[in-house]
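Chain and residue survey
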Amino acid sequence: MQLARVVGATIGVAAAIATTTLVMAFPASAHTPTLTAKCADGTASLTVKLVAYAQSYNGKANHIKVTVDDKEVENKDFGASFEGSYSATGDVKREFVVEVTAHDGNQFSFKETKTVEACVVAPTTSSTTTTTTTTTTTTDATTTTTTESTTPTSETTTSESPTSTTTTTTTAPAIVPVADTGGLADTGASIAIPLVIGVVLLGGGAALLIVLRRRAANN
């Protein structure tokens, strides 16, 4: 009888140890965190996936905190699983920090940093040079000198006679000075003929006057 009790007690202790070992080993193999960080299409991103964590009970829960470049983007409790995605522009290097606290043991808690290098390709800058040409036109000023022409007054000669009065009017041709333009233009016309005609007329008038006076004297 005592031997049966001893054997039963031994089996009970062995079963309890086996059960405790199994319970402790199961959570260790069940907690599975997955962190994926990358930079693509100009965007840096982080994906967090936590599965098979202990359910919340008696006011206890798992907790996650996520920061991007020291800026908090997530801070909350979760139950048996959690999924979240976070992103930022990929023009500079980004630093994602994930901190998980498991309520069923510190061995399941962790803090991990994911660094993502910049992936934005700088745009090609084209330089356009515009050349402006300035044209300056200089116009020489032209000076025109105008010389006022003076027309001599017509000379009138009157002769008296006992029998008749003859009035002879001799008009000298007007001589118009030409402005000095650095040389006379060759127009093809000559002023010699008008001058000769004027002299002949003047001489004829003088001769006629002498003849009339002689006739008057003879009478």
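Quick caveat, the model's predicted, so the values are computed rather than measured.

A look at the overall build of the chain
Scanning the chain from N- to C-terminus turns up two helices and nine strands. Seen in sequence order, the chain has helices and strands lined up from the N terminus as α-β-β-β-β-β-β-β-β-β-α. Here the chain holds 219 residues, and 16% of them are scored as buried. Long-range contacts, defined here as pairs at least 24 residues apart, represent 54% of the contacts in the chain between residues at least 6 apart. For the chain, the exposed surface amounts to about 17000 Å²; the carbon and sulfur share of it is 55%.

Considerations on the sheet that holds strand β6 (residues 94–101)
The strand order β4-β3-β6-β7 describes an open sheet built from four strands, whose pairing is antiparallel. A strand with exactly one partner marks an edge of an open sheet, and here the two such strands are β4 (71–78) and β7 (110–116). Geometrically, the sheet is characterised by an average inter-axis angle of 10 degrees between neighbouring strands, direction not taken into account. Two elements, β6 and β7, share seven bridges in a ladder whose sense is antiparallel. Bridge pairing in β7 places Val98 opposite Glu112.

Considering the state of the cysteines
Scanning all chains against the criterion turns up one disulfide. A sulfur-sulfur distance of 1.9 Å marks the disulfide that ties Cys39 to Cys119. Around the S-S axis, the bridge from Cys39 to Cys119 shows a dihedral of about -60 degrees and counts as left-handed. You can see Cys39 sitting in strand β1 (residues 32–40) and its partner Cys119 sitting in the loop between β7 and β8 (155–159), a full 80 residues away along the chain.

Structural notes on the nonpolar core
Of all hydrophobic cores here, the largest spans 20 residues; its most connected members are Leu46, Val48, Leu50, Ile64, Val98 and Val100. Mapped onto this core, the elements with two or more residues apiece are β2 (43–51), β3 (62–68), β5 (82–89), β6 and β7. The biggest single contributor to this core is β2, with four residues. In contact with Val100, other than residues within four places in its own chain, are Leu50, Tyr53, His63, Ile64, Phe78, Ser109 and Phe110.

Some details on the side chain of Ser45
Checked against the element boundaries, Ser45 lands in strand β2. Look past the residues within four positions of Ser45 in its chain and what remains in contact with it is Thr36, Ala37, Lys38, Tyr86, Ser87 and Phe96.

A few points about the packing of aromatic side chains
Taken as a whole and judged by the stated rule, the model has two aromatic pairs. Relative to Phe78, the ring of Tyr53 has its centre 5.7 Å away and its plane inclined at 70 degrees; by these criteria the two rings are edge-to-face. With Tyr53 in the loop between β2 and β3 and Phe78 in strand β4, the pair connects residues that are 25 residues apart, well separated along the chain. Assessed through its relative accessible area of 6%, Phe78 is described here as buried. Each ring, one from Phe78 and one from Phe82, has its centre 5.8 Å from the other, and the planes form 50 degrees; the classification is tilted. On the accessibility criterion, Phe82 (7% relative accessible area) is buried. Aromatic rings pair up to connect Tyr53, Phe78 and Phe82 into one cluster.

Some points on the sheet that holds β2
In space, the three strands of this open sheet follow the order β1-β2-β5, with antiparallel pairing throughout. The sheet terminates laterally at β1 and β5, the two strands that pair on one side only. Taken pair by pair, the neighbouring strands of this sheet meet at an average axis angle of 10 degrees, ignoring direction. Pairing analysis gives eight bridges linking β2 to β5, with the strands arranged antiparallel. Along β5, the bridge assignment pairs Lys49 with Glu83.

What about unusual backbone geometry?
Although it is not a glycine, Ala52 sits at a positive phi angle of roughly 60 degrees. Relative to the assigned elements, Ala52 resides in the loop between β2 and β3. Positive phi values are uncommon outside glycine, yet Asn58 reaches one of about 50 degrees. Checked against the element boundaries, Asn58 lands in the loop between β2 and β3. Classification of Asn58 as exposed rests on a relative accessible area of 71%.

The rules behind these values
- Residues numbered from 1 in each chain as written.
- Predicted model: local features only at pLDDT ≥ 70, side-chain atom pairs only at ≥ 80, totals over all residues.
- Heavy atoms only, no water.
- Helix = DSSP H or I, 4+ residues; strand = E, 2+ residues; numbered from the N terminus.
- Buried < 20%, exposed > 50% of the residue type's maximum accessible area, 1.4 Å probe, protein only.
- Contact = heavy atoms within 4.5 Å.
- Areas by Shrake-Rupley, 256 points an atom, 1.4 Å probe, with all protein chains shown as cover.
- Pairing = 2+ DSSP bridges.
- Axes fitted to C-alpha atoms, helices over the stretch in contact; angles between N-to-C directions.
- Disulfide = S-S within 2.5 Å.
- Core = buried A, V, L, I, M, F, W, Y, C linked by side-chain atoms within 4.5 Å.
- Phe/Tyr/Trp six-rings, centres within 6.5 Å; stacked < 30°, edge-to-face > 60°.

Purely geometric numbers; function is a separate question.
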